[in-house]
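Coordinate analysis (summary)
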Amino acid sequence: MHPLRRKVSSYTAAMKQRKNNNLSVFVVVFSVFLFGFFMYNEDVKSIAEFPFSRPKTDHPLDSEGVVEIDSRTTIVVESKTDEDQVIELPVVPAEEEVEDDEEIELPPEECNLYDGRWVYDDATHPLYKEDQCEFLTAQVTCMRNGRKDSMYQNWRWQPKDCNLPKFKAKLLLEKLRNKRLMFVGDSLNRNQWESMVCLAQSIIPPGRKSLNKTGSLSIFRIEDYNATVEFYWAPFLVESNSDDPTMHSILNRIIMPGSIKKHGKNWKNVDYLVFNTYIWWMNTFTMKVLRGSFDKGDTEYDEVERPVAYARVLKTWAKWVDKNIDPNRTTIFFSSMSPLHIKSLDWNNPDGIKCAKETSPILNMSMPFSVGTDWRLFTAATDVIQSMKLPVHFLNITSLSEYRKDAHTSVYTIRQGKMLTKEQQADPNTYADCIHWCLPGLPDTWNEFLYTRIISRS
């Protein structure tokens, strides 16, 4: 017997903390700039050609494909220094009336949301339409780019012992009122950020939302809620020679595992932080670790095994979080690895070409398969998170995403900022992107997990 599921009135609950006051409000209006194509330069070809089969490691999941992580909520900011770049949000009072008061059913806290199956559901999914989200970049608009099948948009994740709550954009925005939500990491976190922008903006009228990109930081602002959904480019979390947000197509990638302050000062005074780092680790078996500092012009480096370097980086990140975040304000999330699908033989399709011809997920949940995910990094992440002083929500997206061979952008995308030509699309063995995901699509499910945690906080 499961305990009775908690229910919250989707907007009444969100309003309980409302205070009536006559304070005038000063709203900061950001200048709106035209937002062009992002330069997704992960060098897909070099990663796709890399032999992931070595070394073979044990899958750390149990028989149900799940690792148990303590579900603890947390994290906020320390006092700011003069050099910190801070975005201050003025307070906008909650609306006095809410039309939709439908109850939202929350899953029990003990329910494992990541243990479940994919269910075809064209009644409720996709959660938004591709052509109704003006903020999607050409990287992810697969239908607009020529993809004919659309079933990849209609798969819903169904946990085994509970249900994910119905997505309500207005409830999410009430939870984000006067707050900042920031994704930090590589292009897969940017993929998820674009998804969240589309989910959040669906009920906002034109002229009341804007997107601005400055350096490594992209800010989507929702005026009526004084809320922002942001993305900060830091593919390794720590300092590296790949930190330029547009010019980062570097094969000889070098990191500084102990240096995080330059990035970290941009993460303060944020209410929800979602971190990830994975795909940029996957084109070499070892990582180049700088001896010294980029600022001093040092160029010599050591070659360090990938999981060892990854653990060093996450320990630096964890130390920064424990020192700089106040759990009374900020909640921290860490996303596990987003998998690749570059060898169709991995799922027993000898006629396939990477992910290019795939139109449905792997539905045989009992079939053993491996798509080359480096589970040693998963173990390193869980070990570090469990050792931290402050609680971190672990978004365990890897196993459930491994079934989604159908959901990648494939040849319906851009490369080096340009749309693939017809000739390139006809050569998926060379040009198929089996790293990033179409939108609407799989990253929306990742955001359903995030949404569930955010609305459950109160």
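All figures in this text were calculated on a predicted structure; none of them were measured in a lab.

A word on the sheet that holds strand 7 (residues 217–222)
Spatial strand order, 6-7-8-5-11-14-15: seven strands in an open sheet with mixed pairing. Bordering the open sheet on either side are strand 6 (209–214) and strand 15 (393–395), each of which pairs with just one other strand. Within this sheet the neighbouring strands show an average axis-to-axis angle of 15°, counted without direction. Across six bridges, the pairing between strand 5 (residues 180–185) and strand 8 (residues 227–233) is parallel. Across the sheet, the residue bridging to M182 is E230, located in strand 8. Set on the sheet, helix 4 (residues 187–201) makes contact with strand 5, strand 6, strand 7, strand 8, strand 11 (272–275) and strand 14 (331–335); between it and strand 8 the angle comes to about 165°.

Concerning the state of the cysteines
Applying the stated criterion across every chain yields a total of four disulfides. Note that C133 is cross-linked by a disulfide to C198, the S-S spacing being 2.0 Å. Taking the torsion about the sulfur-sulfur bond, which here is approximately -85°, the covalent link between C133 and C198 counts as left-handed. One end of the pair, C133, is in the loop between strand 3 (116–120) and strand 4 (155–159); the other, C198, is in helix 4, and 65 residues separate them in sequence. Its relative accessible area of 1% is what places C133 among the buried residues.

With respect to the sheet that holds strand 12 (residues 286–290)
Here four strands make up an open sheet; going across it, the order is 9-10-12-13 and the pairing mixed. The sheet terminates laterally at strand 9 (239–240) and strand 13 (301–305), the two strands that pair on one side only. Pairing of strand 10 (residues 254–256) with strand 12, which is carried by two bridges, proceeds in the parallel orientation. Bridge pairing in strand 12 places I254 opposite K288. In this fold helix 6 (residues 306–324) packs onto strand 10, strand 12 and strand 13, with an angle of close to 105° to the strand it touches most, strand 13.

Here's the deal with the packing of aromatic side chains
By the definition in use, this model includes 19 aromatic pairs. Arranged with centres 5.4 Å apart and planes meeting at 70°, the rings of F275 and W317 form a pair that is edge-to-face. Of this pair, F275 sits in strand 11 while W317 sits in helix 6; the two residues are 42 residues apart in sequence, bridging distant segments of the chain. Taken as a pair, F275 and W317 share a single burial class, namely buried. Each ring, one from F369 and one from Y403, has its centre 5.4 Å from the other, and the planes form 65°; the classification is edge-to-face. Separated by 34 residues along the polypeptide, F369 in the loop between strand 14 and helix 7 (375–387) and Y403 in the loop between helix 8 (398–402) and strand 16 (408–410) bring together distant segments of the chain.

Comments concerning the pattern of salt bridges
Overall, the coordinates contain 16 salt bridges when judged by the stated rule. Residues D149 and R147 are paired through a salt bridge, measuring 2.8 Å at the closest nitrogen-oxygen approach. The exposure class assigned to D149 is partly exposed, which follows from its relative accessible area of 24%. A salt bridge links D406 to R404; the shortest N-O distance between them is 2.9 Å. For the pair shown, D406 and R404 are each scored as buried. Several salt bridges converge on common partners, so that one network encompasses E239, K262 and D295.

So, the environment of T379
With respect to the secondary-structure elements, T379 resides in helix 7. Separated by 43 residues in sequence, T379 and S336 place their C-alpha atoms 9.8 Å apart.

Some words on the packing of helix 6 against helix 7
Following both chains from N to C, one finds helix 6 and helix 7 inclined at 25°, their axes separated by 9 Å at the closest point. Classified by the angle their axes make, helix 6 and helix 7 are roughly parallel. Considering how the two elements wind past one another, helix 6 and helix 7 form a crossing that is right-handed. Residues R306, P307, Y310, A311, L314, K315, W317 and A318 of helix 6 pack against R376, L377, A380, A381, V384 and I385 of helix 7. The residue makeup of the contact of helix 6 with helix 7, split by class, is eleven nonpolar, no polar and three charged.

Thoughts on the nonpolar core
Ranked by size, the top nonpolar core spans 116 residues in total, and within it W267, W317 and F334 carry the most contacts. With nine residues, helix 6 is the largest single contributor of residues to this core.

Examining the pairing of strand 11
Burial along strand 11 is two-sided: Y272 and V274 and L273 and F275, pointing in opposite directions, are all buried. Where strand 5 lies against strand 11, four bridges are found, and the strand directions are parallel. Of the residues in strand 11, the one forming a bridge with M182 is L273. Two elements, strand 11 and strand 14, share four bridges in a ladder whose sense is parallel. Of the residues in strand 14, the one forming a bridge with V274 is F333.

Reading guide: rules and limits
- Residues numbered from 1 in each chain as written.
- Predicted model: local features only at pLDDT ≥ 70, side-chain atom pairs only at ≥ 80, totals over all residues.
- Heavy atoms only, no water.
- Pairing = 2+ DSSP bridges.
- Helix = DSSP H or I, 4+ residues; strand = E, 2+ residues; numbered from the N terminus.
- Axes fitted to C-alpha atoms, helices over the stretch in contact; angles between N-to-C directions.
- Contact = heavy atoms within 4.5 Å.
- Disulfide = S-S within 2.5 Å.
- Buried < 20%, exposed > 50% of the residue type's maximum accessible area, 1.4 Å probe, protein only.
- Phe/Tyr/Trp six-rings, centres within 6.5 Å; stacked < 30°, edge-to-face > 60°.
- Salt bridge = Lys/Arg side-chain N within 4 Å of Asp/Glu carboxyl O.
- Parallel < 35°, antiparallel > 145°, perpendicular 65-115°, else oblique.
- Left-handed = near helix turned anticlockwise from the far one by under 90°.
- Nonpolar A, V, L, I, M, F, W, Y, C, P; charged D, E, K, R; others polar.
- Core = buried A, V, L, I, M, F, W, Y, C linked by side-chain atoms within 4.5 Å.

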